[in-house]
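Working through the structure, step by step
Residues per chain are reported as follows:
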Amino acid sequence: MVNKQLINYIHDRLRAKETKDVIVQSLREVGWEEGEITKSFAVIERSSRKWIRYIKIGFSSIFATALLLYILPIILGLFVKDNPPSLYSDLALKTVSVTASENMYYDLTHLGLTTPAMIAQHAVNIVPVRATSEQTAQVVSILSGKTAWNDNLANTLIAENTAVFSIIDQAAQKQKFQIPQFSTPATITINTPQYLIQGVSDAFRMNDLRILYFAHHHDAVDAMRIAQEQIAIGHAIQTSQSDAISILDGIMIEREGLQMFQQSASLLPISSSQSRQITQQLEQYAGDTMKSVGEAEKIEFQIWSSALTSVSTRKEVSTTISNGWYFPLRSIDINYYFQPNKTIKMLAAYYRQAIHYAQQSCATDYVSNAAHPTYRIPLADLITRDNIVGDTLYKKVRLAFSREMSEKICEENLVMQEGEATAGIAAYKNMVGSYPKTLAQLVPTYLPSIPQDSFTGKALQYNAKNGQVYSPMDSTIKQIGF
């Protein structure tokens with residue numbers, strides 16, 4: 001039987017870089033038998049050869065797997081090829097020409113509607129909103145109706161932010177909005193920078209406070225003017241040829257203007273002629289808001305198709321999807337697992353469906369709304385499915401941009417319809433001295449017709465005790481995240 005102590009001793013001497021002859025000689029000198037020494041060295045050499053064999057097997061397996069992964073797409077690619085390039089004329093963008101003198105974009109850049117690079121280069125003079133975090137929290141609480149009106153706070157903040165209001169008033173004098181980088185299809189790529197919106201959001205929140213300030217001081221002219229100007233600015237942004245982020249920003253601005261208009265209308269004396277004029281303007285806006293969804297979807301398609309076309313022509317490109325999922329397109333070779341033109345065709349079908357979806361009525365929109373699906377890749381698909389990389393990108397894009405804008409616009413249309421009814425109710429009460437018993441009493445003197453609930457297609461419901469209109473879908477809308 002081999003002596004373990006002897007084996008350990010020989011191991012230690014070998015690790016100390018001593019030769020076999022020196023170790024054998026020293027063991028003989030202390031009385032170890034020749035056979036025992038020979039057996040111990042044989043055990044150690046067999047153990048060393050075993051580990052060498054395992055290492056060789058490991059390296060061979062890694063090499064064989066790498067070779068298979070390299071050759072397999074080539075072999076499979078002999079049977080499955082990418083689609084030839086196609087033209088998608090129905091998703092093509094037009095060139096938009098807006099002069100600087102009529103483009104409110106150049107005014108709103110001073111409120112922060114710009115890119116991080118432009119700020120870093122000091123290319124734009126940003127006029128920040130002057131308010132502490134505590135004051136901002138108070139404003140949000142007042143605008144949402146959770147806190148009572150605070151005239152001292154409003155006076156202070158309005159005086160501090162005259163420069164911000166001056167920019168908003170100047171932008172309102174212009175009729176159009178267009179971000180220059182999105183005006184020409186050739187300049188819309190995956191590398192087109194996204195624009196910051198936080199500064200603009202803060203500015204228009206302060207503008208909401210200004211609207212309510214004039215309403216509480218019974219200045220109907222200025223309150224209605226500023227509210228309608230904010231609605232017009234938001235509408236111009238969301239009907240421009242812009243990306244999804246900018247469109248959603250425009251929806252937010254218009255919606256807040258509508259909400260402030262509603263609150264102001266209940267505080268101000270409005271005449272029947274003013275009510276009808278306001279109703280006509282709001283109906284005009286509601287008529288073309290869904291068109292903006294189609295243009296934004298086309299821009300998203302343009303961005304992704306240009307990126308994938310760059311890959312198919314061996315140009316380097318990399319990007320980040322809006323939900324933070326990184327996709328290094330430049331490191332992917334075109335083969336069985338990644339076929340750019342086939343992926344573009346899949347995206348085209350999706351964006352056509354999204355545009356069609358946006359053109360449906362809001363009632364259909366709500367009924368067909370479903371929770372966003374999750375996407376998991378079965379392990380077998382990683383090896384067997386063709387265009388698995390393109391399919392994964394396609395599913396990620398669907399998760400990132402699914403339905404959000406059309407849902408927001410449907411909610412905004414409901415706010416518009418409630419605003420029309422509120423203006424008519426306020427004008428009626430100003431003239432008669434009490435709330436109407438039904439909305440039908442407002443037609444045709446105050447309203448051309450009873451506003452419809454965009455989610456049901458039926459007339460808005462009305463509470464004659466407090467003069468409020470509402471949709472039976474209101475609670476459901478909040479539950480699905482509007």
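Let me sum up the structure you'll find in this document. All figures in this text were calculated on a predicted structure; none of them were measured in a lab.

Cut-offs applied
- Residues numbered from 1 in each chain as written.
- Predicted model: local features only at pLDDT ≥ 70, side-chain atom pairs only at ≥ 80, totals over all residues.
- Heavy atoms only, no water.
- Helix = DSSP H or I, 4+ residues; strand = E, 2+ residues; numbered from the N terminus.
- Buried < 20%, exposed > 50% of the residue type's maximum accessible area, 1.4 Å probe, protein only.
- Contact = heavy atoms within 4.5 Å.
- Areas by Shrake-Rupley, 256 points an atom, 1.4 Å probe, with all protein chains shown as cover.
- Axes fitted to C-alpha atoms, helices over the stretch in contact; angles between N-to-C directions.
- Parallel < 35°, antiparallel > 145°, perpendicular 65-115°, else oblique.
- Left-handed = near helix turned anticlockwise from the far one by under 90°.
- Phe/Tyr/Trp six-rings, centres within 6.5 Å; stacked < 30°, edge-to-face > 60°.
- Patch = residues over 30% accessible without salt bridge, like charges linked within 9 Å, V, L, I, M, F, W, Y side chains within 5 Å.
- Salt bridge = Lys/Arg side-chain N within 4 Å of Asp/Glu carboxyl O.
- Expected span 1.5 Å × (residues − 1).
- Core = buried A, V, L, I, M, F, W, Y, C linked by side-chain atoms within 4.5 Å.

1. Focus on the overall build of the protein chain
A tally of regular secondary structure across the protein chain gives 18 helices and four strands. Residues classed as buried in the protein chain amount to 44% of the 482 residues present. Taking the contacts inside the protein chain whose residues are at least 6 apart along the sequence as the reference set, 75% of them involve residues at least 24 apart. Of the roughly 24900 Å² that the protein chain leaves accessible, carbon and sulfur atoms contribute 55%.

2. Some remarks on the packing of helix H8 (residues 162-172) against helix H10 (residues 220-238)
At their nearest, the axes of H8 and H10 sit 9 Å apart, and the two run at 65° to each other. In terms of axis orientation, H8 runs roughly perpendicular to H10. Judged by the sense of rotation from one axis to the other, the crossing of H8 with H10 is left-handed. Counted together, Ile168, Asp169, Ala171 and Ala172 of H8 and Arg225, Glu229 and Ile233 of H10 form the full contact between these two elements.

3. Looking at helix H6 (residues 133-143)
Every α-helix carries 3.6 residues per turn, so stepping three or four residues along brings you back to the same face. Burial in H6 covers these residues: Gln135, Val139, Ser141, Ile142 and Leu143. Downstream of H6 by one or two residues, glycine 145 has phi in the positive range, about 85°.

4. Comments concerning the packing of aromatic side chains
Evaluation of the coordinates by the stated rule reveals eight aromatic pairs. Ring centres of tyrosine 88 and phenylalanine 301 lie 5.5 Å apart, and the angle between their planes is 80°; this geometry places the pair in the edge-to-face category. Of this pair, tyrosine 88 sits in the loop between helix H3 (34-77) and helix H4 (105-108) while phenylalanine 301 sits in helix H12 (residues 272-312), and the two are 213 residues apart along the sequence. By relative accessible area, tyrosine 88 is classed as buried at 17%. With a relative accessible area of 5%, phenylalanine 301 lands in the buried category. Ring centres 5.0 Å apart and planes at 75° place the aromatic pair tyrosine 105 and tyrosine 106 in the edge-to-face group. One aromatic cluster in this structure is built from Tyr88, Phe301, Tyr350, Tyr351 and Tyr394.

5. Section: the environment of tyrosine 351
Checked against the element boundaries, tyrosine 351 lands in helix H13 (residues 340-358). Sequence separation of tyrosine 351 and glycine 294 is 57 residues, and the distance between their C-alpha atoms is 8.6 Å.

6. With respect to a nonpolar patch on the surface
Together, Ile55, Phe59 and Ile62 make up a nonpolar patch on the protein surface, roughly 350 Å² of accessible area in all. Secondary-structure assignment places isoleucine 62 in helix H3. Judged by relative accessible area, isoleucine 62 falls into the exposed class, the value being 59%.

7. Quick word on the environment of serine 97
Its place among the elements puts serine 97 in the loop between H3 and H4. Distance from serine 97 to serine 183, taken between C-alpha atoms, is 6.9 Å for residues 86 residues apart in sequence.

8. A closer look at helix H1 (residues 4-15)
Taking 1.5 Å as the rise per residue, H1 with 12 residues should run 16 Å; its terminal C-alpha atoms sit 16 Å apart, in good agreement. One or two residues past the end of H1 sits lysine 17, with phi positive at roughly 70°.

9. Some remarks on the packing of H10 against helix H11 (residues 244-265)
Following both chains from N to C, one finds H10 and H11 inclined at 160°, their axes separated by 7 Å at the closest point. Overall, the two elements H10 and H11 adopt an arrangement that is roughly antiparallel. Along this stretch, H10 crosses H11, giving a crossing that reads as left-handed. Contact residues: H10 offers Met224, Ala227, Gln230, Ile231, Gly234, His235, Ile237 and Gln238, while H11 offers Ser246, Ile247, Gly250, Ile251, Ile253, Glu254, Glu256, Gly257, Leu258, Phe261, Ser264 and Ala265.

10. A look at the nonpolar core
Among the nonpolar cores identified, the biggest contains 47 residues, and Phe261, Leu268, Ile270, Leu439, Leu442 and Val469 are the most heavily contacted of them. Every element with two or more residues in this core is listed here: H6, helix H7 (151-160), helix H9 (198-216), H10, H11, H12 and helix H17 (404-432). Sequence-distant contacts of leucine 268, defined by excluding residues within four places in its chain, comprise Ala215, His218, Asp219, Ala220, Ala223, Met224 and Ala426. Membership of the second largest hydrophobic core comes to 41 residues, among which are Ala348, Tyr351, Ile355 and Val397.

11. Notes on the pattern of salt bridges
Under the counting rule described, the total for this entry stands at nine salt bridges. Notably, a salt bridge pairs glutamate 102 with lysine 176, separated by 3.9 Å at the nearest N-O pair. Taken together, the residues glutamate 102 in the loop between H3 and H4 and lysine 176 in the loop between H8 and H9 connect sequence positions 74 residues apart. Of the charged contacts in the structure, one is a salt bridge between arginine 225 and aspartate 222, with a shortest N-O distance of 3.3 Å. Residue arginine 225 and its partner aspartate 222 are both found in helix H10; the two are separated by three residues, about one turn of the helix.

12. A word on unusual backbone geometry
Residue proline 444 is bonded to the preceding valine 443 through a cis peptide linkage, with omega at 5°. Residue placement: proline 444 occurs in the loop between H17 and strand S3 (461-463). For lysine 17, which is not glycine, the phi dihedral falls at a positive 70°. Note on placement: lysine 17 falls in the loop between H1 and helix H2 (20-29). Positive phi, close to 60°, is recorded for histidine 218, a residue that is not glycine. Structurally, histidine 218 can be placed in the loop between H9 and H10. Here histidine 218 falls in the exposed class, since its relative accessible area comes to 60%.

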